[in-house]
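As a plain string of letters, each chain reads:
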Amino acid sequence: MKTDVNLCNNLKSIRTRLDLSQQDLANIVGVTRQTIGSLESGQYAPSISMCLRLAKALACKVEDLFWLDEDFPEIEASIAGSVVPEQSSQVTLAKVGEQWIAYPLVGNDAFRIEMIPSDGEIVAAKKFTNITELSLSSEIAVAQGLVKSNNIYSQDEAQRHFKNNKVSVRLLDDIDRLQNTVVIAACTPVLSVLAKATERWHPKLRVHYRFAHSRKALRSLCQGEVHIAGMHLYDPKSREHNIPFVKEALAGRNAVLITLGVWQEGLLVPPGNPMGVKTVADLVEFGATIITHEAGSAGRTLLERKLQEQRVPFQSVKQFDRIAHNHQEVAFSVASGMVDAGISNASIAAAFGLGFIPLHQARYDLVILKEYLEQAPVQQFINILGHRAVRSQLEVLGGYDTSNIGEVIANV
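Residues numbered from 1 in each chain as written. Predicted model: local features only at pLDDT ≥ 70, side-chain atom pairs only at ≥ 80, totals over all residues. Heavy atoms only, no water.

**Here's the deal with the pattern of salt bridges**
Across all of its chains, the model carries 6 salt bridges by this definition. A salt bridge links glutamate 40 to arginine 15, with the nearest nitrogen and oxygen atoms 2.5 Å apart. Placement of the pair is glutamate 40 in helix 3 (residues 33-41) and arginine 15 in helix 1 (residues 11-17), with a sequence separation of 25 residues. Exposure remark for glutamate 40: the relative accessible area of 15% places this residue in the buried category. For arginine 15, a relative accessible area of 7% gives the class buried. Measuring nitrogen to oxygen at the nearest pair gives 2.8 Å for the salt bridge that ties glutamate 294 to lysine 216. Taken together, the residues span a long stretch of sequence, with glutamate 294 in the loop between strand 14 (289-291) and helix 14 (298-309) and lysine 216 in helix 11 (residues 214-222) at a distance of 78 residues. (Salt bridge = Lys/Arg side-chain N within 4 Å of Asp/Glu carboxyl O. Helix = DSSP H or I, 4+ residues; strand = E, 2+ residues; numbered from the N terminus. Buried < 20%, exposed > 50% of the residue type's maximum accessible area, 1.4 Å probe, protein only.)

The following block contains the structure:
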């Protein structure tokens, strides 16, 4: 029988898993070894009766053995963050609002602890005249004036560029499952705890979390890349957390702020605090080396603010030659002895067995655009926040006041 170019098969993989040779399988099914070889290589399309006999022999379903290549449809999606559109790349997918968003699995974004499974693969990029601008990183975009210099949100021109950064993605999973995904950008390490709790109560829901500091998370929300942004920014002028930044960023759009709780922010130091550091000014006096966060992040802003309060120039602090992109990197750098201190929170200090010097109590809020509130994945995630089991998980970590978890802090 003539081959069907769209027919794919998993025959060899299942056969070898059962420790059967081609001749063994041929004997069971009642065909020649050459027939089995032609089937596995795709040179021969089996009849219906052949498919049924093979499935029976291998104790599986016909669709486990054979499928049409067209069973993997392609969709159009917008790329989140920066990527070279011409490159083939594995991605995870979610529907945010009315558009599909593709999140490239590249570098650190491809891992949590384990490698993140792919939802699809980019097979083609839509061609635009300003293709170089479409793949700019956020930092380059700031330098070229596409994004406001405060690194919070995009101007209209940047919005158009990011939204026009379209690619075609071949799906590797069921589209209904992909649609039931909530995407969160945040820097709190408890994201994995919240994700596992949500997926436990809602087994069909996927929680996809992307680590990003507060300003990046808010920018991703404004660009339509995520459903929820986590924030712990403090405005010393208004003495408010998060609300002033959200109001500025949304530019007329409506959102709700729901709190996760209050956490202790401060300096991580080696166990026993051998240098005797008590304030950020001591970092300079004792010649301590500190690892810093990305510019614009809440951790970096806290350090800069505390140094300013004590009239210590930021440049006078002895800095490590690498920037930390998350709290775990800060803790590892201190625990391994690469640096003497770093900004993080009390729960991270406890997890790594480090000393902790409190500097500030920050409220950690989740920001959700109101247009996303009625979507089922978002609702399911919000509904578990007040569950006692979730509250207990956060309390066990230490450094969190969860008495108001799940409460609406503000409507903006």
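**Notes on unusual backbone geometry**
Negative phi values dominate among residues other than glycine, just as trans dominates among peptide bonds. Notably, aspartate 19 is not glycine yet its phi reads approximately 60 degrees, a positive angle. With respect to the helices and strands, aspartate 19 occurs in the loop between helix 1 and helix 2 (22-29). The phi angle at asparagine 242 is positive, at roughly 70 degrees, despite the residue not being glycine. Here asparagine 242 lies in the loop between strand 12 (240-241) and helix 12 (243-250).

**Concerning the packing of aromatic side chains**
Using the criterion set out here, one finds 2 aromatic pairs in the structure. An angle of 85 degrees between the planes, with centres 5.8 Å apart, marks the rings of tyrosine 209 and phenylalanine 211 as edge-to-face. Residue tyrosine 209 is classed as buried on the basis of its relative accessible area, which comes to 13%. In this structure phenylalanine 211 comes out as partly exposed when scored by relative accessible area, which is 38%. For the pair tryptophan 263 and tyrosine 364, a centre-to-centre distance of 5.0 Å together with 75 degrees between the ring planes defines the contact as edge-to-face. You can see tryptophan 263 sitting in strand 13 (residues 255-269) and its partner tyrosine 364 sitting in strand 17 (residues 355-369), a full 101 residues away along the chain. There is no split in this pair, since tryptophan 263 and tyrosine 364 are both buried. Cation over ring: arginine 200 sits above tryptophan 201, and NZ or CZ is 5.3 Å from the ring centre. (Phe/Tyr/Trp six-rings, centres within 6.5 Å; stacked < 30°, edge-to-face > 60°. Lys NZ or Arg CZ within 6 Å of the ring centre and 35° of its normal.)

**Here's the deal with the pairing of strand 13**
Counting buried positions over the 15 residues of strand 13 gives 13, a clear majority of the element. In this sheet, strand 17 lies alongside strand 13 in antiparallel orientation, the contact comprising 14 bridges. When the bridges of strand 17 are listed, isoleucine 258 appears paired with leucine 366. Here strand 13 pairs with strand 18 (residues 400-401) via 2 bridges, running antiparallel. Each residue of the ladder has a partner; that of tryptophan 263, found in strand 18, is tyrosine 400. With 4 bridges connecting them, strand 13 and strand 16 (residues 341-345) associate as antiparallel partners. If you follow glycine 266 over to strand 16, its bridge partner there is serine 344. (Pairing = 2+ DSSP bridges.)

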